[in-house]
Amino acid sequence: MATTASSNRYLTVRRFVAASLATAAIGLAAVGSADADAPRRGRVEVLELQVRNDQYEALDLGPAGPGLGDQDVYSGGTVQDGREVGRGGGTCQVVQIHGAEVTKHCLLTIEVQGGSLTMQSLWTNGSGAPLDMAVTGGTGAYGGARGTARFWEIGTPNERARVEIQR
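Throughout what follows, the structure given in this document is the object of discussion. (Residues numbered from 1 in each chain as written. Predicted model: local features only at pLDDT ≥ 70, side-chain atom pairs only at ≥ 80, totals over all residues. Heavy atoms only, no water.)

1. Focus on the overall build of the protein
Thought 1: Within the protein, the regular secondary structure consists of one helix and eight strands.
Thought 2: Shown N-terminal to C-terminal, the secondary structure of the protein runs as helices and strands in the order α-β-β-β-β-β-β-β-β.
Thought 3: For the protein, with 167 residues in total, the buried portion stands at 43%.
Thought 4: Considering only intrachain contacts with a sequence separation of at least 6, the fraction spanning at least 24 residues in the protein is 51%. (Helix = DSSP H or I, 4+ residues; strand = E, 2+ residues; numbered from the N terminus. Buried < 20%, exposed > 50% of the residue type's maximum accessible area, 1.4 Å probe, protein only. Contact = heavy atoms within 4.5 Å.)

Printed below as a string of structure tokens:
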């Protein structure tokens, strides 16, 4: 039973990490497609990205098994049209546990040419639904950015994201 719980936790963490990296990939693609000039107010920029995960660590900070405060730490790159357009990383921290449901608060930052984007969301393992993250801000060309990032097929080689950035 410990092996099954451990395997389920690993898959959940991997999926979440993949989702976060996908979000980072989207942000990187957005920077790659940004105009060289300052962005116009009210403009919506849509990024379709693939996520490439490269580093991941699950930190079990208390007693063995899921517990409040446990963290997933991850990083990777984003790909658009076959070329890497940025890098990003983030963390997800366990904030609530109800039986097999583990909810995490996730923060992600991505860097791309011209600036960076930040995103956050709550994520509950095992839902099977796409992950939606809020674009909460940015720097440089993305200063004041808002929007939504949606991730599909998290933790698989086919992980992808769509980011809609409002400026």
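2. With respect to the pairing of strand β4 (residues 101–112)
Thought 1: Examined bridge by bridge, strand β3 (residues 83–98) and β4 share 12 bridges and lie antiparallel to one another. Pairing of glycine 86 across the sheet is with valine 112, part of β4.
Thought 2: Counting the residues in the hairpin turn of β3 and β4 gives two residues, including glycine 99, whose phi is positive at 60 degrees.
Thought 3: As judged from the 10 bridges shared by β4 and strand β5 (residues 115–124), these two strands associate in the antiparallel manner. Note that in β5 the partner of histidine 105 across the bridge is leucine 122. (Pairing = 2+ DSSP bridges.)

3. Things to note about the nonpolar core
Thought 1: Core analysis: the largest hydrophobic core is formed by 24 residues, its most contacted members being Leu117, Met119, Met133, Phe151 and Ile165.
Thought 2: Looking at this core, the elements with two or more residues in it are β1 (44–59), β3, β4, β5, β6 (131–140), β7 (146–152) and β8 (160–166).
Thought 3: No other element matches β4, which puts four residues into this core. (Core = buried A, V, L, I, M, F, W, Y, C linked by side-chain atoms within 4.5 Å.)

4. With respect to the state of the cysteines
Disulfide: a covalent bond formed between the sulfur atoms of two cysteine residues.
Thought 1: Enumeration over the complete set of coordinates arrives at one disulfide.
Thought 2: Paired by a disulfide, cysteine 92 and cysteine 106 hold their sulfur atoms 2.3 Å apart. Of note, the bridge from cysteine 92 to cysteine 106 carries an S-S torsion of about 120 degrees and is right-handed in sense. Of the two residues, cysteine 92 sits in strand β3 while cysteine 106 sits in strand β4, which places them 14 residues apart along the sequence.
Thought 3: A residue is classified by how much of its surface remains accessible, and cysteine 92, at 0% relative accessible area, is buried.
Thought 4: Looking at cysteine 106, the relative accessible area reads 0%, which means it is buried. (Disulfide = S-S within 2.5 Å.)

5. Considerations on the side chain of asparagine 125
Thought 1: In this structure, asparagine 125 sits in the loop between β5 and β6.
Thought 2: With relative accessibility at 15%, the residue asparagine 125 sits in the buried group.
Thought 3: At 2.7 Å, the side chain of asparagine 125 forms a polar contact with the backbone nitrogen of valine 102. (Polar contact = N/O pair within 3.5 Å; in protein donor to acceptor, adjacent residues only side chain to side chain.)

6. A short note on the sheet that holds strand β2 (residues 71–80)
Thought 1: Spatial strand order, β1-β2-β3-β4-β5-β6-β7-β8: eight strands in a closed barrel with antiparallel pairing. When strand polarity is set aside, the average angle formed by the axes of neighbouring strands in this sheet is 30 degrees.
Thought 2: Looking at chain direction, β6 and β7 are connected through five bridges and run antiparallel. Across the sheet, residue aspartate 132 finds its bridge partner in β7, namely arginine 150. (Axes fitted to C-alpha atoms, helices over the stretch in contact; angles between N-to-C directions.)

7. What to know about the environment of aspartate 70
Thought 1: Of note, aspartate 70 is situated in the loop between β1 and β2.
Thought 2: A polar contact is formed between the side chain of aspartate 70 and the backbone nitrogen of glycine 67, at a distance of 3.0 Å.

8. Details of the pattern of salt bridges
Thought 1: Going through the model one piece at a time under the given rule, you end up with eight salt bridges.
Thought 2: In this structure, the salt-bridge partner of glutamate 45 is arginine 43, at a minimum N-O distance of 3.1 Å. The burial state of glutamate 45 is the same as that of arginine 43; both residues are buried.
Thought 3: Across the salt bridge formed by arginine 162 and glutamate 164, the nearest N and O atoms sit 3.1 Å from each other.
Thought 4: On the basis of relative accessible area, arginine 162 is assigned to the partly exposed category, the value being 31%.
Thought 5: Here the salt bridges do not stand alone but share partners, grouping Glu48, Arg162 and Glu164 into one network. (Salt bridge = Lys/Arg side-chain N within 4 Å of Asp/Glu carboxyl O.)

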